[in-house]
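Structural overview
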Amino acid sequence: MTTYDDRASLTDLTATVERVRSSVEGVIEGKPEVVRLSLTVLLAEGHLLIEDVPGVGKTMLAKALARSIDCSVRRIQFTPDLLPSDITGVSIWDQQRRDFEFKPGAVFAQIVIGDEINRASPKTQSALLESMEERQVTIDGQTYELPSPFMVVATQNPVEMEGTYPLPEAQRDRFMARVSVGYPSVEAELQMLDVHGGASPLEDLQPVAHAHEIVKLIEAVRGVHVSEAVRRYAVELVAATRSHPDLRLGASPRATLHLLRAAKASAALAGRDYALPDDLQDLAVAVLAHRLLPTAQAQLNRRTAEQVVLEILQGTAVPASSRQHGGFGSLGRTMPAYPQQPPRGL
């Protein structure tokens, strides 16, 4: 729970996020929903996996988000010969001190960009497991805390499989959300030619928010209220993936936690101090689909994990109503009623 005024917190959050959003959208044209999801993951203390075909702006999106915030940024180009110590760091013997000195690796930054993460070996990919979950790195029995905020933005190409190592389930489960940038519209691509034709807009991109502002906003998002009915709805959505006949692996309890955190961030971005079922519905595909493994029969039938999540949203009853006090200092707001109807846009 935050200690400062709730209305000021929401106002500051909206203003700061709007600056970051405008900055990123100045580089990534025609993809406001992708930019919003990226900001949602950032404020929810999660990690983002950008998965799409080459040339649609995966790395550009990650760089634009990183450069829009005044914080430390490191980029890791994942290759087959990359070693775990290149990521986490290594202890080197110091002749003068006659002792080992720790040299931090690339993961010691507030925003870490992992480009083509599936090109590194599983051994190297596993170097990120501890840092992504516990926000710390253990080397030679010594634990080092990572800075705050800490976010990993990784990209991968799902089409080109030669020379790649698919991410294991434990790695994919640590990403809060997966997003596909997709091809731009004709108008957005024409605008891209005007903006990017002469020079890259990344070169002139300046930070519009400080790291300490993002930390305060993350604290504010933690105070967003989630009613018992909405929490139960989240659990039911995730539990339905574990018994679905088209899935051989459902979502984990970590997925439930990530879905709830993302819903709180989405509510805060909308100017609300309480989460609604709509927030869960809007984020369910992005948060859950990349964690699911379809059965062999489902794959033969060309059933995707995204289709299964949409089917679960259709078949899970939405909470009828809930009357709870909001978060951010318990303003005593009455929560709206939730109609029994299919999710939006399905």
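Summary of the structure given here. Since we're looking at a predicted model, the values are computed, not measured.

**With respect to the side chain of Gln 125**
Topologically, Gln 125 is positioned in helix H5 (residues 122-125). On the basis of relative accessible area, Gln 125 is assigned to the buried category, the value being 0%. Only 3.5 Å separates the side chain of Gln 125 from the backbone oxygen of Ile 117, close enough to count as a polar contact. Not counting chain neighbours up to four residues away, the residues in contact with Gln 125 comprise Ile 117, Asn 118, Ala 120, Tyr 165, Pro 166, Leu 167, Pro 168 and Gln 171.

**Topic: a nonpolar patch on the surface**
On the surface, a nonpolar cluster with roughly 310 Å² of combined accessible area is contributed by Val 186, Leu 190 and Leu 193. Locating Leu 193 in the fold gives a position in helix H8 (residues 186-196). We classify Leu 193 as exposed; its relative accessible area is 53%.

**Re the pattern of salt bridges**
Applying the stated criterion to the full structure yields 18 salt bridges. Arg 178 is the salt-bridge partner of Glu 306, the closest N and O atoms lying 2.4 Å from each other. A residue pair is termed long-range when its members are at least 10 positions apart, and Glu 306 in helix H14 (residues 305-315) and Arg 178 in strand E10 (residues 177-179) qualify at 128 residues. Shared partners join several salt bridges into a network, and the residues in it are Glu 51, Arg 172, Arg 178 and Glu 306.

**A closer look at helix H3 (residues 58-67)**
Counting buried residues in H3 gives 7 out of 10 residues, a clear majority hidden from the surface. For H3, the set of buried residues is Lys 58, Thr 59, Leu 61, Ala 62, Ala 64, Leu 65 and Ala 66.

**Points about helix H11 (residues 253-269)**
The terminal C-alpha atoms of H11 lie 25 Å apart, and with 17 residues this matches the ideal 24 Å at 1.5 Å per residue to within 8%. Counting buried positions along H11 yields 12 of 17 residues, so the element is predominantly enclosed. Turning to H11, its buried residues number three or more, namely Ala 255, Thr 256, His 258, Leu 259, Ala 262, Ala 263, Lys 264, Ala 265, Ser 266, Ala 267, Ala 268 and Leu 269. Once H11 ends, the next one or two residues include Gly 271, with phi positive near 85°.

**Some thoughts on the layout of surface pockets**
What the largest pocket holds in volume is close to 570 Å³. As for the largest pocket, its lining consists of 24 residues, and the residues nearest its centre are Arg 172, Arg 178, Leu 292, Leu 293 and Pro 294. Among the secondary structure elements, those contributing two or more residues to the lining of the largest pocket are helix H7 (169-172), strand E13 (293-294) and H14. The residue makeup of the lining of the largest pocket, split by class, is 9 nonpolar, 6 polar and 9 charged. Of the voids in this model, the second largest pocket is the one considered here, and its volume is about 490 Å³. Glu 33, Leu 37, Asp 282, Leu 283 and Ala 286 are, among the 21 residues lining the second largest pocket, the residues nearest its centre. Every element with two or more residues in the lining of the second largest pocket is listed here: helix H2 (32-43), E10, helix H12 (277-288) and H14.

**Here's the deal with the pairing of strand E5 (residues 99-104)**
Every regular strand shows the same layout, with side chains that alternate between the two sheet faces. Pairing of strand E4 (residues 89-94) with E5, which is carried by 6 bridges, proceeds in the antiparallel orientation. Across the sheet, residue Gly 89 finds its bridge partner in E5, namely Pro 104. Between the antiparallel neighbours E4 and E5 lie 4 residues, among them Arg 98 with a positive phi of about 55°.

**Examining the packing of aromatic side chains**
Taken as a whole, this structure holds 4 aromatic pairs when the rule is applied. A ring pair is formed by Trp 93 and Phe 100, whose centres lie 5.1 Å apart and whose planes are at 75°; its orientation type is edge-to-face. Note on Trp 93: relative accessible area 39%, which makes it partly exposed. Across the ring face of Tyr 274, the terminal group of Arg 272 is positioned such that the distance to the ring centre comes to 5.9 Å.

**Topic: the sheet that holds strand E6 (residues 111-115)**
Strand order in this open sheet of 5 strands is E3-E6-E9-E1-E10, and the pairing throughout is parallel. Since the sheet does not close on itself, it has two edges, and those belong to strand E3 (73-77) and E10, each with one partner. The mean inter-strand angle of the sheet, taken between neighbouring strand axes irrespective of direction, is 20°. With 5 bridges connecting them, E3 and E6 associate as parallel partners. When the sheet's bridge partners are listed, Gln 77 is paired in E6 with Asp 115. Against the sheet, H2 makes contact with strand E1 (48-51), strand E9 (151-156) and E10, and its axis sits at roughly 160° relative to E10, the strand it touches most. Of the strands in this sheet, E1, E3, E6 and E9 touch H3, which is tilted by about 170° from E6.

**So, unusual backbone geometry**
A cis geometry characterises the amide bond from Ser 148 onward to Pro 149, with omega recorded as 0°. Looking at the secondary structure, you find Pro 149 in the loop between strand E8 (142-145) and E9. In this model, Arg 98 sits at a positive phi of 55°, which is unusual for a non-glycine residue. Judged by relative accessible area, Arg 98 falls into the exposed class, the value being 61%. For Asp 140, which is not glycine, the phi dihedral falls at a positive 50°.

**Comments concerning the packing of helix H10 (residues 228-242) against H12**
Packing of H10 against H12 leaves a shortest axis separation of 11 Å and a crossing angle of 30°. Here H10 is positioned roughly parallel relative to H12, judged by the angle of their axes. The interaxial crossing formed by H10 with H12 has right-handed handedness. Contacts between H10 and H12 pair Val 230, Tyr 233, Ala 234, Leu 237 and Val 238 from the former with Pro 277, Leu 280, Gln 281 and Leu 288 from the latter. Here the contact of H10 with H12 is composed, by residue class, of 8 nonpolar, 1 polar and no charged.

The rules behind the values
Residues numbered from 1 in each chain as written. Predicted model: local features only at pLDDT ≥ 70, side-chain atom pairs only at ≥ 80, totals over all residues. Heavy atoms only, no water. Helix = DSSP H or I, 4+ residues; strand = E, 2+ residues; numbered from the N terminus. Buried < 20%, exposed > 50% of the residue type's maximum accessible area, 1.4 Å probe, protein only. Polar contact = N/O pair within 3.5 Å; in protein donor to acceptor, adjacent residues only side chain to side chain. Contact = heavy atoms within 4.5 Å. Patch = residues over 30% accessible without salt bridge, like charges linked within 9 Å, V, L, I, M, F, W, Y side chains within 5 Å. Areas by Shrake-Rupley, 256 points an atom, 1.4 Å probe, with all protein chains shown as cover. Salt bridge = Lys/Arg side-chain N within 4 Å of Asp/Glu carboxyl O. Expected span 1.5 Å × (residues − 1). 1 Å grid on protein atoms, 1.4 Å probe; cavity = no way out; pocket = protein on both sides within 12 Å on 5 of 7 lines; lining within 4 Å. Points joined across faces, edges and corners; volume = space filled by probe spheres on them. Nonpolar A, V, L, I, M, F, W, Y, C, P; charged D, E, K, R; others polar. Pairing = 2+ DSSP bridges. Phe/Tyr/Trp six-rings, centres within 6.5 Å; stacked < 30°, edge-to-face > 60°. Lys NZ or Arg CZ within 6 Å of the ring centre and 35° of its normal. Axes fitted to C-alpha atoms, helices over the stretch in contact; angles between N-to-C directions. Parallel < 35°, antiparallel > 145°, perpendicular 65-115°, else oblique. Left-handed = near helix turned anticlockwise from the far one by under 90°.

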